[in-house]
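Topology and contacts: notes
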Amino acid sequence: MRPETEAELAGFLRDATRPMAIRGGGTRPVGLIQPGGVLETGGLDGITLYEPGALTLVARAGTPLAEVEAALAAEGQRLPFEPMDHRALLGTTGAPTLGGMVAANASGPRRVVAGACRDSLIGVRFVDGTGSVVKNGGRVMKNVTGYDLVKLMAGSWGTLGVLTEVSFKLLPAPESAATLVWEGLDAAQAVALMSAALGLPWEVNAASHLPDGRTALRIEGFAASVDYRADELGKALARFGRSVRFSRDEGAALWQAVRDVTPFAAGQGAGDIWRLSVKPSDAPALAQKAGGEALFDWGGGLVWLRLPEGTDLRARLGEFRGHATLIRASVDTRRRLPVFQPEPAPVAALSKGLRARFDPRGLLNPGLMG
């Protein structure tokens, strides 16, 4: 099924009698979904409102992300959260869509200061599992009461409703950028450097430690300001060794690799991929306990791990404060291990209640969220 309008989608869901997988561009097939039909959102595409002066964009959920980014770039603007492209990591094809990006809450290394996708999302329209059209939010940021469905839909993986339209606040693209790189630090030293850098007044907006031993920081803004802040940052962190400043193109390539986790791309070494979300100060010890290879993002608050196939990371780590998500693994492993961190009983009850409210017949991506 590939509806071309919201009304057509609503009618289809009202009359549906079997479960279905929700597919945007087909770039993020995470987890196992029970057999059934496939509902594609690619027919719901197009930018419906773009006001550069108001830093606001509204587009249908099936709109390719590349189309939106091109329109924003032409006006010197961008989505603040640097959305991740999962294709290299998961070995998929297709084109990322806005709806898929929101459903996955896909965000990159700038999240450490700009927030995630959900933090720039200001409005949604979607059709729930009963075929009802739901609208929440609008074109400006404002306080809300009751359910904040805008935030709820981001990261829901299509289990609460099928997105039809999304609205974002935007930011101007920076004039310049600088990337400082240190070589040879271990994980504990790297997290100490990144934590120190993010606590300094030089406005670092990305911090990562890569599997090859490089530790990188990024600064963006007006050219004169970037040059000054980069020099001061290097001086302030001299105790960690001497840094090298990358050119803008070199820096852009490095941060794209961090954003898309391309060191662990499909076809570049065997192993399962896990995403560990923890307090940065806990990250080095947990990564060491996990074993395998690690990429630290957001100053260490996010750790990507490549582990031997079939590894149960949660069992290996034991009890810890955070979340371990299985991102890439064989079908057998995904049948044995849940994709998402098991929720505490009160949270699980709340999640179950929300799914019962928005999808009482269990039609939308059943089995994905447990």
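Parameters at a glance
- Numbering of residues starts from 1 in each chain and follows the order in which that chain's sequence is written.
- Local features in a predicted model are, by the rule used here, given only for residues with pLDDT of at least 70; side-chain atom pairs are given and counted only at 80 or more, and totals for whole chains, interfaces and linings are based on all residues.
- The basis for every side-chain value is the complete set of heavy atoms in the structure, and neither hydrogens nor water enter the calculation.
- Only buried residues count toward a nonpolar core, which is a set of Ala, Val, Leu, Ile, Met, Phe, Trp, Tyr and Cys residues joined through side-chain atoms within 4.5 Å.
- Think of it in three bands: residues with accessible area under 20% of the maximum for their type are buried, residues over 50% are exposed, and the middle band is partly exposed, with areas taken using a 1.4 Å probe on protein chains only.
- Note on definitions: a residue-residue contact is assigned when non-hydrogen atoms from the two residues lie within 4.5 Å.
- Two strands form a pair only when DSSP identifies at least two bridges running between them.
- Runs of H or I in DSSP of at least four residues are treated as helices and runs of E of at least two as strands, each being numbered from the N terminus.
- In this analysis an axis means a line fitted to C-alpha atoms, helices contributing only their contacting stretch, and an angle means the value between N-to-C directions, from 0 to 180 degrees.
- Predictor confidence is given residue by residue as pLDDT, running from a minimum of 0 to a maximum of 100.

1. Quick notes on the nonpolar core
Ranked by internal contacts, the top residues of the largest apolar core, which has 47 residues, are Met-101, Val-102, Phe-168 and Trp-304. Among residues more than four places away in sequence, those in contact with Trp-304 are Met-84, Leu-89, Val-261, Phe-264, Ile-273, Trp-274, Arg-275, Glu-293, Ala-294, Leu-295 and Ile-327. By size, the runner-up hydrophobic cluster in this structure holds 38 residues, among which are Ala-178, Leu-185, Met-194 and Phe-296.

2. Re the sheet that holds strand 3 (residues 47-51)
Overall, antiparallel pairing links the five strands, which are arranged 3-4-8-6-7 in an open sheet. The open sheet has two edge strands, strand 3 and strand 7 (133-137), and neither has a second partner. The sheet shows a mean angle of 10° between the axes of neighbouring strands, direction not considered. Pairing between strand 4 (residues 56-60) and strand 8 (residues 162-169): five bridges, direction antiparallel. Counted as the bridge partner of Ala-59 is Val-166 from strand 8. Along the sheet, helix 1 (residues 6-15) contacts strand 6 (121-127), strand 7 and strand 8; its crossing angle with strand 6, the most-contacted strand, is approximately 50°. Contacting strand 3 and strand 4, helix 2 (residues 65-74) crosses the sheet at an angle of about 25° to strand 3.

3. So, the confidence of the model for the protein chain
Mean pLDDT over the protein chain works out to 93, with 95% of the residues at or above the 70 mark. The low-confidence segment residues 143-147 (pLDDT under 50) makes two contacts with residues lying over four places distant or belonging to another chain.

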